[in-house]
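Examining the three-dimensional arrangement
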Amino acid sequence: MIEKKIISAIQKFASSILKNSIDQIEIEKSLNEIHAYFQQITKITGYDLTIEHMAAIPANKGKALGLNFAAQCLLDYKRTVKFLKAIVSVILEKQKKQPGELINIFYAGCGPYAPFITLVAPLFQPEEVQFSLLEINKNSVGSAKKLINSLQLSSYIKEFYLADAVTFKVPNSDSFHILISETLDAILYRECYVPILFNLLPQFNKNIILIPENVLINLSFLTDSKKNSDCKEYETGSIFNVRESVSSYTGTGLIPSKLPDKKIDLASVDMNIYKKILLDTKVHIHGDVWLYRNESSLTIPHEFILEQPFLYNSVIFTYFMEPEIELKCRFE
Ligand SMILES: C[S@@+](CC[C@H](N)C(=O)[O-])C[C@H]1O[C@@H](n2cnc3c(N)ncnc32)[C@H](O)[C@@H]1O
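One structure accompanies this document, and this report is about it.

1. Focus: the overall build of the protein
- For the protein, the count of helices and strands is 9 helices and 15 strands.
- Computed over its C-alpha atoms, the radius of gyration of the protein comes to 21 Å, within 12% of the 20 Å expected for a compact globule of 332 residues.
- In the protein, of all internal contacts separated by at least 6 residues, the share reaching a separation of at least 24 is 75%.

Below you can see the structure in the form of structure tokens.
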């Protein structure tokens, strides 16, 4: 019975990462083993070359990652472990604060393996936690349902929606304690995390715990490519703080097509010594759990050439959500 084996592998893995009694090599081995079981059960390998498995799905704003890439996220080892730890610790914190209360989790963008339920629920009882899942990709929904049934986790599921989280109206939104939405890529390019927050956050209770809690994009200038050991980095700080932008937005209630400009004054910086611009994504998962530079595909830094001689006084960043989701910059 592969189901029995996998259930015990998941329980062993989840409790060992929580106790920090497992090193990186063991983590990777265990996640590879769990992935192999998930592949067998769902028949989603993450490497199937059909268009259906590769193509991104257009959302109302932005695009949802193709099925293969969503499946491969499980093997973004540090990301997966940090998210799992954060989710379990938030559930435990909630249980401590409100003993006996059923904890309702809204999981937007579960992907084909729904790891933030399939690797979390076995640590709790269905009377303690209930999950409502939402996913835009019908093949992911089919796969996640199959996996959840095989792992005998159906009793933890309240609802399963095939829908776009950018426009979805959440029924009984007041009943939720935790919102999970790992729907982002490095430099918040193309994927839907920001418009999803614009749509979902105002619907929930103001005490909802969001995972990941926030994403920051930081700007640095480099004297050389980061690969070169002599490279010096001048950090100017954050040019985009998602939670700040979402909460300070005073628009019409509709998701804006772009966010207000962020201007960085460079008049006092000796810009002629720099050859590159570096944009760094920092993912604040929860509490003191962060994903830092190069720890995950979500936090790969992006380098761009800085044209010299540099003849400007400032750089201005604008985050667009239409026609495409992307961060653009201009010099003035
Ligand atoms: C980065 S993957 C993560 C999958 C899984 N949660 C994990 O951690 O392995 C993001 C998932 O969110 C889904 N998604 C992205 N944008 C969405 C949207 N606007 N509405 C619903 N689902 C979305 C994608 O289809 C994909 O399955």
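2. Comments concerning the site of the ligand
- Neighbouring the ligand are 25 residues; Ala64, Cys73, Gly109, Gly111 and Ile136 lie closest to it.
- Listed by contribution, the elements that provide at least two residues to the shell around the ligand are α6 (115-118) and β4 (129-135).
- The residue inventory of the shell around the ligand, partitioned by class, reads 17 nonpolar, 5 polar and 3 charged.

3. Some details on helix α5 (residues 77-97)
- Here α5 contains 21 residues, and its C-alpha end-to-end distance of 30 Å stays within 8% of the 30 Å for a straight helix at 1.5 Å per residue.
- Every buried residue of α5 is listed here: Arg79, Thr80, Val81, Lys82, Phe83, Leu84, Ala86, Ile87, Val90 and Ile91.

4. Things to note about the nonpolar core
- Ile87, Tyr107, Ile117 and Ile211 are the most contacted members of the largest nonpolar core, which has 91 residues in total.
- Looking at which element gives the most residues to this core, the answer is α5, with 7 residues.
- Non-local contacts of Ile87, meaning those with residues more than four positions away in its chain, are made with Phe116, Val120, Ile180 and Ile211.

5. Remarks on the sheet that holds strand β10 (residues 262-265)
- Pairing is antiparallel in the open sheet, where 3 strands are placed in the order β10-β14-β15. The outermost strands of the open sheet, each flanked by one partner alone, are β10 and β15 (326-331). The average angle at which neighbouring strand axes cross in this sheet is 20°, direction not considered.
- Of the pairings in the sheet, the one linking strand β14 (residues 314-320) to β15 comprises 6 bridges and is antiparallel in character.

6. Points about the packing of helix α1 (residues 2-18) against α5
- Where α1 meets α5, the closest approach of the two axes is 10 Å, and the angle between their N-to-C directions is 80°. Put simply, α1 runs roughly perpendicular to α5. Mapping the contact onto sequence places Ala14, Ile17 and Leu18 in α1 and Val81, Leu84, Lys85 and Val88 in α5.
- For the contact of α1 with α5, the class distribution of residues is 6 nonpolar, no polar and 1 charged.

7. Some details on the environment of Met54
- Here Met54 lies in helix α3 (residues 51-54).
- With 16 residues separating them along the chain, Met54 and Ala70 place their C-alpha atoms 9.7 Å apart.
- Look past the residues within four positions of Met54 in its chain and what remains in contact with it is Leu49, Gly66 and Asn68.

8. Details of the pairing of strand β11 (residues 276-286)
- Judged by how many residues are buried, β11 sits mostly within the fold: 8 of 11 residues are covered.
- One ladder, built from 9 bridges, connects strand β8 (residues 214-222) with β11; its direction is antiparallel. Across the sheet, Asn214 pairs through a bridge with His284, a residue of β11.
- Of the pairings in the sheet, the one linking β11 to strand β13 (residues 302-305) comprises 4 bridges and is antiparallel in character. Looking at β13, one finds that Leu279 is bridged to His302.
- What sits between β11 and strand β12 (residues 289-291) in their antiparallel hairpin is a turn of 2 residues, with Gly287 showing a positive phi close to 55°.

9. Describing helix α7 (residues 138-150)
- Compared with the 18 Å implied by 1.5 Å per residue over 13 residues, the 18 Å span of α7 between its first and last C-alpha is a close match.
- Here α7 has its buried residues at Ser140, Val141, Ser143, Ala144, Leu147 and Ile148.
- Buried positions along α7 lie against α2 (24-42), α4 (67-72), α6, β4 and β5 (157-162).
- Gln152, located one to two residues past α7, shows a positive phi value of around 55°.

10. Some words on unusual backbone geometry
- The omega torsion of the bond from Ile211 to Pro212 falls at 0°, within 30 degrees of zero and hence cis.
- Residue Gln308 is joined to Pro309 through a cis peptide bond whose omega torsion reads 0°.
- The residue Arg190 is not glycine, and still its phi comes out positive at about 70°.
- A positive phi angle, near 65°, is found at Asn294, a position not held by glycine.
- Summarising the element assignment, Asn294 is placed in the loop between β12 and β13.

11. Examining the sheet that holds β4
- Spatially, β5-β4-β3-β6-β7 is the arrangement adopted by the 5 strands of the open sheet, whose pairing is parallel. Whereas interior strands pair on both sides, the edge strands pair on one side only; in this sheet they are β5 and β7 (209-211). The average angle at which neighbouring strand axes cross in this sheet is 15°, direction not considered.
- One ladder, built from 3 bridges, connects strand β3 (residues 103-108) with strand β6 (residues 178-180); its direction is parallel. When the sheet's bridge partners are listed, Tyr107 is paired in β6 with Ile180.
- Those strands touched by α5 are β3, β4, β6 and β7, and its axis lies near 170° from that of β7.

The rules behind each value
- Residues numbered from 1 in each chain as written.
- Predicted model: local features only at pLDDT ≥ 70, side-chain atom pairs only at ≥ 80, totals over all residues.
- Helix = DSSP H or I, 4+ residues; strand = E, 2+ residues; numbered from the N terminus.
- Rg over C-alpha atoms; globule rule 2.2 N^0.38 Å.
- Contact = placed C-beta atoms within 7 Å.
- Near = placed C-beta within 6 Å.
- Nonpolar A, V, L, I, M, F, W, Y, C, P; charged D, E, K, R; others polar.
- Expected span 1.5 Å × (residues − 1).
- Buried ≥ 20, exposed ≤ 12 C-beta atoms within 10 Å, placed from the backbone.
- Core = buried A, V, L, I, M, F, W, Y, C linked by C-beta atoms within 7 Å.
- Pairing = 2+ DSSP bridges.
- Axes fitted to C-alpha atoms, helices over the stretch in contact; angles between N-to-C directions.
- Parallel < 35°, antiparallel > 145°, perpendicular 65-115°, else oblique.

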